[in-house]
Amino acid sequence: MTTLRTNLYLVAGKALGADLVTTLTQTIMSVRRDLMHEDPIFAQITAPSTDQDAFLPLHRGAAAVYNSTTQSFMDEYGNWIYLTPMVLGGIATVLAAGWKFLGIGNPATSEGPLDSLYALGRRIRKADSETELLDIEEEIDDILKAQRAKSASGDETAVDEGTLNVAAHRLEGLIHDRRTMLAKRPAVASAA
């Protein structure tokens, strides 16, 4: 009786994915070790030549198994997993800064209570009569009452009382100075 020995090659196309060929090669080699004890024919499954000038070149997936260069998921994609959120976060930050710089989507800023109070300062300086000054004092009182009511109700957009008091004190000083100037005006006119 004559025994013939034949070589059996498992061939994969170059276009086949490296991950698939790596998994297939690892499975075949681990099953071979488990089944050798039951049937010695599986011992004939051996690793092919990994030389560059081999009869059949190794697929890169199989070569990774035989050269022990297989990479885990984290080895292969770890950089992408960590760098992608950083890059996207940087891009989002730049876009948000540009968005804010250009003022896109910002509603037209309404005049706040301090802006109204400071605008009254200009009106006080231009007032020509006592009645104008009285009207301005009423506007100041209305603004202060509204802000104190907002503050008492717990509204976080209310201007703090210290700031309001400083602005009101400044306006009172301006009103006093303007009244003094208006009171002196007729005396200056009668002396001439």
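Only a predicted model underlies this, so the values are computations on that prediction, with no experimental measurement involved.

S.K.: Is there a simple way to think about the packing of helix H4 (residues 113–126) against helix H5 (residues 130–152) in this case?
M.R.: Contact geometry for H4 and H5: axes closest at 11 Å, N-to-C directions at 170°. Classified by the angle between their axes, H4 and H5 sit roughly antiparallel to one another. Note on element contacts: H5 touches H4 through Leu133, Ile136, Glu139, Ile140, Ile143 and Gln147, opposite Pro113, Ser116, Leu117, Leu120, Arg123 and Ile124. Considering only residue class, the contact of H4 with H5 consists of eight nonpolar, two polar and two charged.

S.K.: I keep staring at a negative patch on the surface and nothing clicks. Help me out?
M.R.: A cluster of acidic side chains, namely Glu132, Asp135, Glu138, Asp141, Asp142 and Glu172, defines a negative patch on the protein surface. When residues of the negative patch are assigned to their parent elements, the largest contribution, five residues, is made by H5. Inspection of the secondary structure assignment puts Asp135 in helix H5. Residue classification places Asp135 among the partly exposed residues on the basis of a relative accessible area of 43%.

S.K.: In this structure, what is going on with H5? I would like to understand it.
M.R.: Taking 1.5 Å of rise per residue, the 23 residues of H5 would be expected to cover 33 Å, and the 33 Å separating its terminal C-alpha atoms lies within 8% of that figure. Taken together, the buried positions of H5 are occupied by Leu133, Ile136, Ile140, Ile143, Leu144 and Gln147. Count one or two residues on from H5 and you reach Gly154, which has phi positive near 90°.

S.K.: So what exactly am I meant to see when it comes to the nonpolar core here?
M.R.: Nonpolar side chains in soluble globular proteins tend to be buried together. One finds Leu117, Leu120, Ile124, Ile140 and Leu171 to be the most contacted residues of the largest nonpolar core, which totals 17 residues. Secondary-structure elements contributing two or more residues to this core are H4, H5 and helix H6 (161–191).

S.K.: How should I be thinking about the side chain of Thr25 in this particular structure?
M.R.: Secondary-structure assignment places Thr25 in helix H1 (residues 18–35). The exposure class assigned to Thr25 is buried, which follows from its relative accessible area of 9%. Residues in contact with Thr25, not counting those within four places in the same chain, are Ala62, Val65 and Tyr66.

S.K.: Even after reading the chapter, I still don't get a nonpolar patch on the surface, so can you show me in this structure?
M.R.: On the surface, a cluster of nonpolar side chains totalling about 1300 Å² of accessible area is made up of Phe73, Met74, Tyr77, Trp80, Ile81, Tyr82, Leu83, Met86, Val87, Leu88, Ile91 and Leu95. With respect to the element layout, Val87 can be found in helix H3 (residues 73–102).

S.K.: Any chance you could explain the pattern of salt bridges here in plain terms?
M.R.: Between side chains of opposite charge, pairing is possible as soon as their charged atoms come close. Across all of its chains, the model carries four salt bridges by this definition. Arg178 is the salt-bridge partner of Asp128, the closest N and O atoms lying 3.6 Å from each other. Remark: Arg178 occurs in helix H6 and Asp128 occurs in the loop between H4 and H5; sequence separation between them is 50 residues. Salt-bridge contacts for Arg179 lead to Glu137; the nearest nitrogen and oxygen are separated by 2.9 Å. With a gap of 42 residues between them, Arg179 in helix H6 and Glu137 in helix H5 connect regions that are remote in the sequence. Residues joined in a network through salt bridges with shared partners are Glu130, Glu137 and Arg179.

What counts and what doesn't
- Residues numbered from 1 in each chain as written.
- Predicted model: local features only at pLDDT ≥ 70, side-chain atom pairs only at ≥ 80, totals over all residues.
- Heavy atoms only, no water.
- Axes fitted to C-alpha atoms, helices over the stretch in contact; angles between N-to-C directions.
- Helix = DSSP H or I, 4+ residues; strand = E, 2+ residues; numbered from the N terminus.
- Parallel < 35°, antiparallel > 145°, perpendicular 65-115°, else oblique.
- Contact = heavy atoms within 4.5 Å.
- Nonpolar A, V, L, I, M, F, W, Y, C, P; charged D, E, K, R; others polar.
- Patch = residues over 30% accessible without salt bridge, like charges linked within 9 Å, V, L, I, M, F, W, Y side chains within 5 Å.
- Areas by Shrake-Rupley, 256 points an atom, 1.4 Å probe, with all protein chains shown as cover.
- Salt bridge = Lys/Arg side-chain N within 4 Å of Asp/Glu carboxyl O.
- Lys, Arg positive; Asp, Glu negative; His and termini not counted.
- Charge placed at Lys NZ, Arg CZ, Asp CG, Glu CD.
- Buried < 20%, exposed > 50% of the residue type's maximum accessible area, 1.4 Å probe, protein only.
- Expected span 1.5 Å × (residues − 1).
- Core = buried A, V, L, I, M, F, W, Y, C linked by side-chain atoms within 4.5 Å.

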